[in-house]
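Below are the chains, spelled out letter by letter.
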Amino acid sequence: MSLWTAPELRNATAGQLDSSLAVAGVSIDTRSLAPGDLFVALRDQRDGHDFVAEALRRGAAVAMVDHVPAGVPGDAPLLRVPDTLAGLAALGTAARARSRARFAAVTGSVGKTGTKDMLRLLLGALGPTHAAVASYNNHWGVPLTLARLPRDAAFAVIEIGMNNPGEIAPLARIAAPHAVAVTTVAEAHIGHMGSLAAVAEEKGSIALGLVPGGVAVLPRDSAFYARLVEIAHAAGAARVIGFGRDPAAEVRLLEAAIRPEGSTSCTIAVGQTSHQVVMPAMGLHHAENACCALAVVAALGLDVARAVPALAQYAPGAGRGAPREVAVPGGTALLIDESYNAAPPAMRAALQTLAERPGLRRIAVLGDMRELGTFSAELHANLAPVAALADLVFCCGPEMTALYDRLPANRRGAHAPDSAALGPLVKAALRPGDVVLVKGALGSRMALVVQALTETGS
Ligand SMILES: Nc1ncnc2c1ncn2[C@@H]1O[C@H](COP(=O)(O)OP(=O)(O)OP(=O)(O)O)[C@@H](O)[C@H]1O
Ligand SMILES: [Mg+2]
């Protein structure tokens, strides 16, 4: 079954298309393009128009463009639109309009992708489910995810993110979800947002996209819960479901623990029924995200008990906490690779998880957090007490000095200017049985430390 026929592409985008080809998928990147795809030439870091010839060579059925790029014949299968980003958004809107799926949209300061991937599993146990392959949550990621929605999907999960105020509501309106969720309100990207209260307002605005009768799933433990409830009701939410540890939460995290082999177990009560969850992922925050995800399943009016066993398949994405063994002189150590990213709440969650992890020595290797603006020094320094729960702490980067300087002397491993310099120092310090957490903003390139620790030889 095609994803889009030529008449559907023309109708959705009001574009010109002479070809009668149907397309099987939608691509914005020639490196992951599959033959038969519609290639959309977006302008991001590079202009996708420069890759149209290549896309057609690789078997794209049609390319959406706003002009005929140099080197592409005029009779090539082109869908001509005035603006390709608007064209993609129009396609997303058309996908939403024709779909009979139940939609869930997820936002929050951290935990969006984790919760989305959990929902993919949970809803997938109940019917054909569509969710993005990656963290596609911005002005092109949300329309792209919708444009890829198979005709027969029963459920769709849409991740919605933001860097600046005002970005969430328009994306939520395109997704027009039956349920929305705010995972967390915390200091991620706060440099652009000014205050946590502003972050809460922005996250809450996801409810503006709800269809009539829609349900908002909100973090009961957040200091901004009451405000989020107000925003949701003002936006037209028919019902609110609170999730979290608070006894007043409708979907409640009763307990969560890290098991010796690195998995996370938890008990989550939905109304009067308790559900047992074990996930092959190490982190107490996974339990919190699971609580949010179960609340969304409940919000959609679905059978939670039937969905829950699917979480046994949950494995976090690369650099998001997957444990692995690395060789050290005389044995092995357990490496927890959290090098994907770090916002203050994510750092805190990872350090708390490390502290709860049974093991001989627990070692934290931390790189700078980014996008914190004028709050940066304070937010780094505030992590010192939870970092000091580890036996030894290594840091790199200028921002991390604020944390490192506040550590007790017996917790200080080393501070280096950057991750390349830190890697060998950590490697030299490791002993058999150690548990090592590596975490920092993507820009801190903590993957270099992971690389140093996983390289064989010295
Ligand atoms: N509920 C949570 N509380 C605290 N930290 C969390 C939580 N969920 C995830 N994290 C941390 O945030 C990191 C990123 O998680 P995830 O990719 O799910 O977030 P995201 O909101 O999708 O991020 P992005 O803004 O990059 O799309 C994880 O590696 C983990 O360290
Ligand atoms: Mg994400």
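Residues numbered from 1 in each chain as written. Chains lettered and ligands numbered in written order. Predicted model: local features only at pLDDT ≥ 70, side-chain atom pairs only at ≥ 80, totals over all residues.

(A) Layout of the sheet that holds strand 14 (residues 273-279). Reading across from one edge, 7-8-6-9-10-11-12-13-14 is the order of the nine strands in this open sheet, with mixed pairing throughout. The sheet terminates laterally at strand 7 (129-131) and strand 14, the two strands that pair on one side only. Pairwise comparison of adjacent strand axes, ignoring direction, gives a mean angle of 20 degrees for this sheet. When strand 10 (residues 215-219) meets strand 11 (residues 239-244), the two strands line up parallel, connected through five bridges. Following the sheet pairing, Val-217 is matched in strand 11 by Ile-241. With respect to the sheet, helix 6 (residues 168-175) is in contact with strand 6 (102-107), strand 8 (155-159) and strand 9 (179-182), its orientation differing from that of strand 6 by roughly 165 degrees. Its contacts with the sheet place helix 10 (residues 284-299) against strand 6, strand 9, strand 10, strand 11, strand 12 (251-258), strand 13 (264-270) and strand 14, and it is angled at close to 30 degrees to strand 13. (Pairing = 2+ DSSP bridges. Helix = DSSP H or I, 4+ residues; strand = E, 2+ residues; numbered from the N terminus. Axes fitted to C-alpha atoms, helices over the stretch in contact; angles between N-to-C directions. Contact = placed C-beta atoms within 7 Å.)

(B) Here's a closer look at the site of ligand 1. Taken together, 23 residues are adjacent to ligand 1, and Gly-111, Lys-112, Thr-113, Gly-114 and Ala-346 come closest. If you list the elements that add at least two residues to the shell around ligand 1, you get helix 4 (112-124), helix 10 and helix 12 (344-356). At four residues, the largest contribution of residues to the shell around ligand 1 is made by helix 12. Classifying every residue of the shell around ligand 1 gives six nonpolar, 13 polar and four charged. Here the shell around ligand 1 spans two domains, since at least three of its residues come from each of domain 2 (99-313) and domain 3 (322-454). (Near = placed C-beta within 6 Å. Nonpolar A, V, L, I, M, F, W, Y, C, P; charged D, E, K, R; others polar. Domains from an automatic or database assignment.)

(C) Region of the structure containing the domain arrangement of the protein chain. Along its sequence, the protein chain is organised into domain 1 (6-82), domain 2 (99-313) and domain 3 (322-454). Between the C-alpha centres of domain 1 and domain 2 the distance comes to 33 Å. Contacts between the two partners involve four residues from domain 1 and, on the opposite side, four residues from domain 2. Considered class by class, the residues forming the side of domain 1 that touches domain 2 number three nonpolar, one polar and no charged.

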